[in-house]
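# Chain and residue survey
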Amino acid sequence: MKAAVIEKKGTDPRFKIKELPRPIVKSGQVLVRNYASSVNPIDVMARNGRALLASAGFSNQVIGSDFCGKVLQSKSRLFKEGDEVFGMISAIKGGAYAEELTVDADQIALKPKNLNYLEAAVIPLVGLTAYQGLFKVGRIQEKENILITGCTGGVGSVAVQLARTLDCHISGLCSEKHRAYAHSVGCDVVIDYQNQQIPSGARFDLIFDAAGMYTYSDLKHHLNEQGLFVTTRGETNNIKGLVKTAVDVVFEPYMKFVFVKSNADDLNVLKEMIEQGKLNLHIEKTFLLNQLTEAQRMMKNGGFVGKIGVDIGE
């Protein structure tokens, strides 16, 4: 099978297409012919970590989390050969930037009927992160007042749409050039984080930091009593932010992290919403497997809405 392998290029590697052996299917797993994937911020982080491993002498490092394709072989009663499925692999494990992959059958779901392979492949990681962050960690309720940072990114735009299904009032933080898109996915109020402040009197029942750029100390004065601050990673892009995040994690009970995990039940919730027309995700640009270097560079540079797709081909 063909796979995009990280070459030994330090912390800013390039990808090379190689022929690798077919993965071995274990009991409870399925072998998937993978037709599409996507690029996520965590994949860039995993890429840098894997590059260090490659530099240390470990070859054929394959990353990537999202996948969508067709079951080639099943050692599970949950799926049969020919089923069209989608899901995600842990970014730490990786392996989705390849034509074939193995995955535990209880961590995938049938592909939404109204989406093609590429459209479905961009959903799992960001969809599960938003769903688990809002519903399981944030315990979101109907008609709450919600603030979502990074509301036009992959996680953020899904989170807005999920909150909309509960008739919540949604304020979103994004750049001014993405204001129209933020409104189109369901934000009631859009705040340009570069040039505007959150109104001093604004209070929220839940703040979902989909951008992963804030910590509880930054926004706690905008929470109602008992309000929760849920983040995908906290402000961990600098030493000062790391210290603030660490302190908040220890001492602030209303700050929570979402650690995304793939499971069939949550994927099926997303599948149902997609098929009901309640959830869709914009694909800003699509790259081929042999263009992954350019795709990851686009992710690193940012400045776009929605997701970056990867077409692996049928």
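Residues numbered from 1 in each chain as written. Predicted model: local features only at pLDDT ≥ 70, side-chain atom pairs only at ≥ 80, totals over all residues. Heavy atoms only, no water.

## Structural notes on the overall build of the chain
Secondary structure assignment for the chain yields nine helices and 15 strands. Going through the 314 residues of the chain one by one, you find that 54% of them count as buried. Put simply, of all contacts in the chain between residues at least 6 apart along the chain, 68% involve residues at least 24 apart. In the form shown here, the chain has an accessible surface area of approximately 14,200 Å², with 51% of it arising from carbon and sulfur atoms. (Helix = DSSP H or I, 4+ residues; strand = E, 2+ residues; numbered from the N terminus. Buried < 20%, exposed > 50% of the residue type's maximum accessible area, 1.4 Å probe, protein only. Contact = heavy atoms within 4.5 Å. Areas by Shrake-Rupley, 256 points an atom, 1.4 Å probe, with all protein chains shown as cover.)

## Notes on the packing of helix α3 (residues 124-137) against helix α4 (residues 154-164)
Viewed as axis vectors pointing N to C, α3 and α4 meet at an angle of 50°, and their least axial separation amounts to 8 Å. Classified by the angle their axes make, α3 and α4 are oblique. When you trace α3 past α4, the crossing you get is right-handed. Facing Val126, Gly127, Thr129, Ala130, Tyr131, Leu134 and Phe135 of α3, the residues of α4 in contact are Gly154, Val155, Val158, Ala159, Leu162 and Ala163. Grouping the amino acids of the contact of α3 with α4 by side-chain chemistry returns ten nonpolar, three polar and no charged. (Axes fitted to C-alpha atoms, helices over the stretch in contact; angles between N-to-C directions. Parallel < 35°, antiparallel > 145°, perpendicular 65-115°, else oblique. Left-handed = near helix turned anticlockwise from the far one by under 90°. Nonpolar A, V, L, I, M, F, W, Y, C, P; charged D, E, K, R; others polar.)

## Quick word on the side chain of lysine 271
Its location among the elements puts lysine 271 in helix α8 (residues 264-275). Under the relative-accessibility criterion, lysine 271 is labelled buried at 13%. Once residues lying within four places of it in the same chain are set aside, the contact partners of lysine 271 are Phe86, Leu110, Lys111 and Pro112.

## Quick notes on the state of the cysteines
Within the structure shown, the criterion is met by zero disulfides. Sulfur of cysteine 151: no disulfide; nearest cysteine sulfur belongs to cysteine 187 and is 3.9 Å away. Note on cysteine 174: no disulfide assigned, nearest cysteine sulfur contributed by cysteine 151 at a separation of 4.0 Å. Residue classification places cysteine 174 among the buried positions, given a relative accessible area of 3%. (Disulfide = S-S within 2.5 Å.)

## So, the nonpolar core
Counting 52 residues, the largest nonpolar core has Ile140, Ile148, Leu162 and Phe208 as the members making the most contacts within it. Here this core takes seven residues from α3, the largest share from any one element. Leave out the neighbours within four places in its chain, and isoleucine 148 touches Gly156, Ala159, Val160, Ile170, Ser171, Gly172, Leu173, Phe208 and Ala210. With 23 residues, the next largest nonpolar core counts Val44, Met298, Phe304 and Ile308 among its residues. (Core = buried A, V, L, I, M, F, W, Y, C linked by side-chain atoms within 4.5 Å.)

## Quick notes on the packing of aromatic side chains
Note on aromatic pairs: each is described by the distance of the centres and the angle between the planes. Across all of its chains, the model carries four aromatic pairs by this definition. Both rings, one in phenylalanine 257 and one in phenylalanine 259, keep their centres 5.8 Å apart while their planes meet at 25°; by these two values the pair is stacked. What makes phenylalanine 259 exposed here is its relative accessible area of 63%. A cation over a ring is seen here: lysine 111 above tyrosine 117, with NZ or CZ 5.7 Å from the ring centre. (Phe/Tyr/Trp six-rings, centres within 6.5 Å; stacked < 30°, edge-to-face > 60°. Lys NZ or Arg CZ within 6 Å of the ring centre and 35° of its normal.)

## Here we look at the sheet that holds strand β8 (residues 145-149)
Spatially, β10-β9-β8-β11-β12-β13 is the arrangement adopted by the six strands of the open sheet, whose pairing is parallel. Two strands bound the open sheet, and with one partner strand each, they are β10 (189-192) and β13 (255-257). Averaged over all adjacent pairs, the angle separating strand axes in this sheet is 20°, with direction ignored. Bridge count for β8 against strand β9 (residues 169-174) is five bridges, and the pairing is parallel. Each residue of the ladder has a partner; that of threonine 149, found in β9, is leucine 173. Against the sheet, α3 makes contact with β11 (204-209), β12 (223-231) and β13, and its axis sits at roughly 150° relative to β11, the strand it touches most. (Pairing = 2+ DSSP bridges.)

## Description of helix α9 (residues 292-301)
Where α9 is concerned, the buried positions are Leu292, Thr293, Ala295, Gln296, Met298 and Met299. Phi turns positive, to about 70°, at glycine 302, one or two residues after α9.

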